[in-house]
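# Topology and contacts: notes
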Amino acid sequence: MGKTILEVRDLKTKYITRFREDVYAVDGVSLKIEEGKSLGIAGESGCGKSTLALSLMGYYFPPLHYISGDIIVDGDNISKMNPDDIRRNILGTEIAYIPQAAMNALNPTQKIIRFIEDVIHVHEPGKTKKEIYEMARARFEELGLPSSVLEKHAVELSGGMKQRTVIAISTILSPKVLIADEPSSALDVTSQKMVIKMLKNLMEKGYIKSMIFITHELPLLYNVTDDIMVMYAGQIVEKGTAKEMVFDPIHPYSKGLMGSIIVPEAGSRDVKLTAIPGTPPNLKKPPAGCRFAERCKYATAECRANLIDSKEFADGRSYRCIYEAEKLREVYGNE
Amino acid sequence: MKGYRKYFGKKIVWFLITFAAAILLNFILPRLMPGDPVAAITAKSAQGISDASAAQEIYNHYAEQFGTNEPMYVQFFTYCKNAAKGDFGLSFSQYPRKVSNIIGSALPWTLALQFPAIIVGWIIGNVLGALAAYIRKGFDKVLMPVTLFFSSLPAFGLAVILMIVFAINLKVAPISGGYGYDLIPQLSWKFVRSVFTHYQLPFWSIVLISIGGQAIGMRSMSIYELNADYVKYSRFLGIKDRKIVGYVFRNAMLPQITGLALSIGTMVGGALVSEVIFSYPGLGSTILQAVSNSDYPLLSATTLIITIMVLLASFIVDIIYGFIDPRVKAAQFD
């Protein structure tokens, strides 16, 4: 067992809409990442993946609000810290973030190096421009980015280049946890590969100690992360190693997600595509029982009535379903 | 560097083409107005002369002096040749004053009134708009309706309201003119004070209206920029709000610079309403006089000034943008 870098216990956050309604977007999430490990979070649109990413940083601004839970970064509980301290001492240095829309993440009228200067100055005010330039140049080159990028504006870079620049900026202060929210989803396959390689490179070189990778593409997670978590309607429905999750999903929702993957092979055009019917529940009024029950073909009255707790195995694997794992595997096997 | 040269080259070529078209239109359009101003002048000086051939003689004399006996295209080339030397001929309405002389005495009044008013209105408007976007809440709720009210008031409406309230009811400012009727322009305290008090109403009538328009534009640009993704990203990297606000307002300012340049460019035309209402001795009043007397030489010259100023303003904006907005640079320079 390595050292735990990030631990989250029963984190709950909500959005408050303009009509004063509460939307419980992250509802009791717990997770743990050890040094050198990466965790993938998968789920369909609107399941709370991105909200979880924002919530994990401990810095909230409207419409997102903190309710309860603990976020412990390398031994420090940041969920009780004052927001200004988090911004000054945690963001950028302890936890760094790669936004979903990296295309627009950079100020269009600022040169990349000017922005890097601003980022570094917040945390290390004494550094001179020259030192910062040298530091940025060395890091960019090490990550395979030409140093000429530093003197450019965001508009002069291609999509893939912009994304890699954002990654390099986010990790320039060698944060302990990197949260990457769909960093490659908007890119073509070649750029996607470069982004993944870069993230792996950052891990190997030790510039980041752990990583959370959020995506809706399961096959990608299998190639990138050690563990995978599947989220549904603000909760974690299943957690396991990447291999387990892809080849042996237990929860009917995870199973459905894996079934929705299209693998191009002979005859795949003729196979009927399976998708999970229905839509996720409204999180303004989450259902009392299992949140997936409305879309689950195995659901019973009992599923809908009571809250379902997570079942945990000794090896750390867990799932949130009323059925025994063996029973579910048997059912899947017969289909 | 090659990109820059090509960009400027293209801009200059377009500038010249528009300029040529503008000169042509400035020449032709006033001359299409109905009525014969030469006949009007003849009638004035031929008063009491009953001999038809003598009147005809006078008419021919004036026609020759103004060049109206020549065909239109010859007149045009003469006009261009003289205009290049700064000579716009003689005015019909204030015969025998030279057009360049009339403009020379009116232009300083307009510049002195409009230029500070536009700058002051622009600065106050942008600061208020930015604050409204940043503070929101009560400040925004009060400021927005007020600025909307001022920006949607027609210019003459506000000018008349100011005149009624401050000049007629409160009697704190003079009703019209650029200085007291009983004064001769000279550098004396009395004259300067008179100019200053006459200046206030036309000045504020322009400032208030431009504050409204600028504040609304700046507010919505700032709100848009405050919600931009780069703002969130900068926050999540720990950058201080003060710095982020700096990014936001710099970006929100960019479209406002176009607004500033265009209002400077159109200031002569924009001056018309408030100058006419307050009988201010500037170019606006001159234009009105030229129009009502079919004074083509004067009209051509004043509209030419407007055209040149608008063209120059937009040309300068294009050039400045190439430097301050990398998005324009990226789109235009390659």
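An unreviewed UniProt entry lists chain B under the name Peptide/nickel transport system permease protein, with Anaerocolumna xylanovorans DSM 12503 as the source organism. In its Sequence similarities (unreviewed entry) section, the UniProt entry covering chain B states "Belongs to the binding-protein-dependent transport system permease family."

Under an unreviewed UniProt entry, the name given to chain A is Peptide/nickel transport system ATP-binding protein, and the organism recorded is Anaerocolumna xylanovorans DSM 12503.

### Things to note about the overall build of chain B
Each helix and strand counted, chain B has 14 helices and 0 strands in total. Each principal axis of the C-alpha atoms in chain B carries an extent, and together these give about 90 × 60 × 35 Å. With 334 residues in all, chain B has 36% of them scored as buried. The long-range fraction of contacts in chain B, counting pairs at least 24 apart against all pairs at least 6 apart in sequence, stands at 72%.

### A closer look at the UniProt feature "domain: ABC transporter" (unreviewed entry) in chain A
Under the UniProt annotation, "domain: ABC transporter" (unreviewed entry) lies at residues 11-258 of chain A. As annotated, residues 11-258 of chain A comprises 37% helix and 25% strand, and the C-alpha atoms at either end are separated by 27 Å.

### Thoughts on the sheet that holds strand 2 (residues 22-34) of chain A
The strand order across the open sheet built from 4 strands is 2-1-4-5 (chain A), with neighbouring strands paired in antiparallel fashion. In this open sheet, the two edge strands, each paired with only one partner strand, are strand 2 and strand 5 (76-77) of chain A.

### Section: the domain arrangement of chain A
Domain annotation for chain A reports domain 1 (110-152) and domain 2 (260-334). In this structure, domain 1 of chain A and domain 2 of chain A have C-alpha centres spaced 47 Å apart.

### Details of the sheet that holds strand 3 (residues 38-42) of chain A
All names here are of chain A. Spatial strand order, 6-7-8-3-9-10-12-11: 8 strands in an open sheet with mixed pairing. With partners counted over all chains shown, the strands left at the sheet margins are strand 6 (95-98) and strand 11 (311-312), one partner each. Inspection of the sheet shows strand 11 paired to strand 12 (residues 318-319) by 2 bridges, in the antiparallel sense. Among the inter-strand pairings, Glu312 is bridged to a residue of strand 12, identified as Ser318. Packed on one face of the sheet, helix 1 (residues 49-56) meets strand 3, strand 7 (177-181), strand 8 (210-214) and strand 9 (227-232) and runs near 155 degrees to strand 7. Lying on the sheet, helix 9 (residues 252-259) is in contact with strand 3, strand 9 and strand 10 (235-241); it crosses strand 9 at an angle near 105 degrees.

### Topic: unusual backbone geometry
All names here are of chain A. The omega torsion across Pro62 and Pro63 is 5 degrees, close enough to zero to call that bond cis. Its place among the elements puts Pro63 in the loop between helix 1 and strand 4 (64-73). Of note, the phi angle at Asp74 is positive, near 50 degrees, even though the residue is not glycine. For Asp74, a count of 16 C-beta atoms within 10 Å corresponds to the partly exposed category. The residue Ser174 is not glycine, and still its phi comes out positive at about 50 degrees. Mapped onto the elements of the fold, Ser174 is located in the loop between helix 5 (159-170) and strand 7.

### Examining the interface of chain A and chain B
Between chain A and chain B, the contact holds 23 residues from the first and 18 residues from the second. The leading source of residues in the side of chain A that touches chain B is helix 3 (residues 112-123) of chain A, at 4 residues. Taken together, the residues of the side of chain A that touches chain B sort by class into 11 nonpolar, 8 polar and 4 charged.

### Things to note about the nonpolar core
Of all hydrophobic cores here, the largest spans 153 residues; its most connected members are Met57, Ile116, Ile179, Ala180, Ile212, Val230 and Met231 of chain A. When near neighbours in sequence (up to four residues on either side) are disregarded, Ile179 of chain A contacts Ala53, Leu56, Met57, Ile95, Tyr97, Ile98 and Ile212 of chain A. If you look at the next biggest cluster of nonpolar residues, it comprises 5 residues, including Val38, Ile41, Tyr59 and Tyr62 of chain B.

### Focus on the UniProt feature "transmembrane region" (unreviewed entry) in chain B
Residue and element names in this part refer to chain B. As recorded in UniProt, the sites labelled "transmembrane region" (unreviewed entry) are residues 12-29, 115-135, 142-168, 199-217, 257-278 and 298-324. Annotation note: span residues 12-29, helix share 100%, strand share 0%, distance between end C-alpha atoms 25 Å. Across residues 142-168, the secondary structure splits into 93% helix and 0% strand, with the terminal C-alpha atoms separated by 29 Å.

### Focus: the environment of Arg97 of chain B
Its place among the elements puts Arg97 of chain B in the loop between helix 4 (72-84) and helix 5 (99-135). When near neighbours in sequence (up to four residues on either side) are disregarded, Arg97 of chain B contacts Ser91 and Ile102 of chain B.

### Observations concerning helix 4 (residues 129-142) of chain A
If you check helix 4 of chain A, its first and last C-alpha atoms are 20 Å apart, about what 14 residues at 1.5 Å a residue would give, namely 20 Å. Taken from the residues just after helix 4 of chain A, Gly144 of chain A is the one with a positive phi, measuring 80 degrees.

### Some words on the pairing of strand 1 (residues 4-16) of chain A
Residue and element names in this part refer to chain A. Note: strand 1 against strand 2, 9 bridges, orientation antiparallel. Bridge pairing in strand 2 places Thr4 opposite Glu34. Pairing between strand 1 and strand 4: 8 bridges, direction antiparallel. Bridge pairing in strand 4 links Lys12 to Ser68.

### A short note on helix 5 of chain A
Residues and elements named next belong to chain A. In a regular helix each residue adds 1.5 Å, so 12 residues correspond to 16 Å; helix 5 covers 17 Å between its end C-alpha atoms and thus fits that length. Of all 12 residues that make up helix 5, 9 are buried, and the element is covered over most of its length. Those residues of helix 5 that fall on the buried side of the exposure criterion are Lys162, Gln163, Arg164, Thr165, Val166, Ile167, Ala168, Ile169 and Ser170. Elements that come into contact with the buried residues of helix 5 comprise strand 6, helix 3, helix 4, strand 7 and helix 6 (189-205).

The rules behind the values
Residues numbered from 1 in each chain as written. Chains lettered and ligands numbered in written order. Predicted model: local features only at pLDDT ≥ 70, side-chain atom pairs only at ≥ 80, totals over all residues. UniProt positions renumbered as here; feature names shortened; annotations may be inferred. Helix = DSSP H or I, 4+ residues; strand = E, 2+ residues; numbered from the N terminus. Buried ≥ 20, exposed ≤ 12 C-beta atoms within 10 Å, placed from the backbone. Contact = placed C-beta atoms within 7 Å. Pairing = 2+ DSSP bridges. Domains from an automatic or database assignment. Axes fitted to C-alpha atoms, helices over the stretch in contact; angles between N-to-C directions. Nonpolar A, V, L, I, M, F, W, Y, C, P; charged D, E, K, R; others polar. Core = buried A, V, L, I, M, F, W, Y, C linked by C-beta atoms within 7 Å. Expected span 1.5 Å × (residues − 1).

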